[in-house]
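Summary of the model geometry
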Amino acid sequence: MFQEKFFNESLHNPFISATLTVSDVIEFCFCKRFIFFMYSLGIPQREEKLYKVQRGRELHAIREKQNVNYLRRKLGVKKKEIGVFLISQSLGLSGTVDEVLHLSDGTLAPLDYKFAEFDRVLFKTHRVQSTLYAIMIQENYDKKVTRGYIVYTRSHNLLREIVYTENDFKLALSIINEIKEVIKTGLFPEGTKYKSKCRDCTYRKICI
């Protein structure tokens, strides 16, 4: 029931108007100033020059070709779609999920590859990203999405399952609302407290 309530609330949310990408939301989780530079000042980022982004895209292409059948056996996948572009009218959000899994119990699930190691606990950004994909899959396919999966390629393709909770959906909506508020007000937000994140930021030379 909490999923149906979440979607009903999001459809009537006054902050949902601008079109964002899932990548925008994740960047915002790292630092709120990303959205300010990108949308308030209209300065595009140059993420295609970053090594991790390039390596990640190459890795996704390789995994899409190699991992054709293993998930069918491990997770009971009846069908999977690769590189699916999704749009949510209710959230004003778009993004491309690595795979949409059609499971034997009739539900769907997002699967995302991460060019990263699994470090004991699931990162907040990974959980938020998966939840956003779940929202968009449910909206586009009109089928239940109760769990998602992440493959950590640098941990020997370790597979982790996420069982979504009501708090996951509430957090996803609250972050999007906060992003829309930054765009609406045009106020310069506080920067990240984790200055190590600034090294790879495309806006580091103009950020105060």
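As a reminder, the structure under discussion sits directly above these lines.
For the structure given in this document, a descriptive report is provided here. Everything quoted here is computed from the prediction, not taken from an experiment.

1. A look at the nonpolar core
Residues V22, V25, L93, L132 and I179 are the most contacted members of the largest nonpolar core, which totals 38 residues. Dropping the residues within four chain positions of it, I179 is found in contact with L20, V25, F28 and I35. Ranked by size, the runner-up nonpolar core spans 10 residues in total, among them L75, A109, L111 and Y113.

2. Here's the deal with the pattern of salt bridges
Within the structure shown, the criterion is met by 8 salt bridges. Where D105 meets R147, a salt bridge forms, and the shortest distance between an N and an O atom there is 3.3 Å. Linking D105 in the loop between strand 3 (93-103) and strand 4 (108-114) with R147 in strand 5 (residues 147-152), this pair joins segments that are 42 residues apart in sequence. Assessed through its relative accessible area of 46%, D105 is described here as partly exposed. Members of the salt-bridge network, linked through shared partners, are D105, R147 and E161.

3. Focus on the environment of I162
Its location among the elements puts I162 in strand 6 (residues 158-163). Residue class for I162 comes out buried when judged on its relative accessible area of 0%. Here the alpha-carbon distance between I162 and H126, two residues 36 residues apart in the chain, equals 9.7 Å.

4. Thoughts on the packing of aromatic side chains
For the coordinates displayed, the defined rule picks out 7 aromatic pairs. Taken together, F34, F36, F37, F188 and Y203 form an aromatic cluster joined through their ring pairs. Directly above the ring of F115 sits R154, whose terminal nitrogen or CZ lies 5.1 Å from the centroid. Here the guanidinium or amino end of R160 rests over the ring plane of F118, the centre of that ring lying 4.7 Å away.

5. What to know about helix 7 (residues 166-185)
The end-to-end C-alpha distance of helix 7, which contains 20 residues, comes to 29 Å, matching closely the 28 Å that a straight helix rising 1.5 Å per residue would cover. Residues D168, F169, A172, L173, I175, I176, N177, I179, K180 and V182 constitute the buried set of helix 7. Positive phi appears at G186, one or two residues downstream of helix 7, with a value of about 70 degrees.

6. Focus on the environment of L41
Topologically, L41 is positioned in the loop between helix 3 (33-40) and helix 4 (51-66). Separated by 142 residues in the primary sequence, L41 and I183 place their C-alpha atoms 9.7 Å from one another.

7. Digging into helix 6 (residues 124-141)
Compared with an ideal rise of 1.5 Å per residue, which puts 18 residues at 26 Å, helix 6 spans 26 Å between its outermost C-alpha atoms and is within 8% of the ideal. The buried count for helix 6 comes to 13 of 18 residues, which makes it a mostly enclosed element. In the stretch just after helix 6, D142 is the one whose phi turns positive, near 55 degrees.

8. A word on the packing of helix 2 (residues 22-30) against helix 6
Where helix 2 meets helix 6, the axes come as close as 10 Å, and the angle between the chain directions of the two elements is 155 degrees. Relative to helix 6, the element helix 2 lies roughly antiparallel. Here the hand of the crossing between helix 2 and helix 6 comes out right-handed. Contacts between helix 2 and helix 6 involve V22, V25, I26, C29 and F30 from the former and T125, V128, Q129, L132, Y133 and M136 from the latter. Per-class residue counts for the contact of helix 2 with helix 6 are 9 nonpolar, 2 polar and no charged.

Parameters at a glance
Residues numbered from 1 in each chain as written. Predicted model: local features only at pLDDT ≥ 70, side-chain atom pairs only at ≥ 80, totals over all residues. Heavy atoms only, no water. Core = buried A, V, L, I, M, F, W, Y, C linked by side-chain atoms within 4.5 Å. Buried < 20%, exposed > 50% of the residue type's maximum accessible area, 1.4 Å probe, protein only. Contact = heavy atoms within 4.5 Å. Salt bridge = Lys/Arg side-chain N within 4 Å of Asp/Glu carboxyl O. Helix = DSSP H or I, 4+ residues; strand = E, 2+ residues; numbered from the N terminus. Phe/Tyr/Trp six-rings, centres within 6.5 Å; stacked < 30°, edge-to-face > 60°. Lys NZ or Arg CZ within 6 Å of the ring centre and 35° of its normal. Expected span 1.5 Å × (residues − 1). Axes fitted to C-alpha atoms, helices over the stretch in contact; angles between N-to-C directions. Parallel < 35°, antiparallel > 145°, perpendicular 65-115°, else oblique. Left-handed = near helix turned anticlockwise from the far one by under 90°. Nonpolar A, V, L, I, M, F, W, Y, C, P; charged D, E, K, R; others polar.

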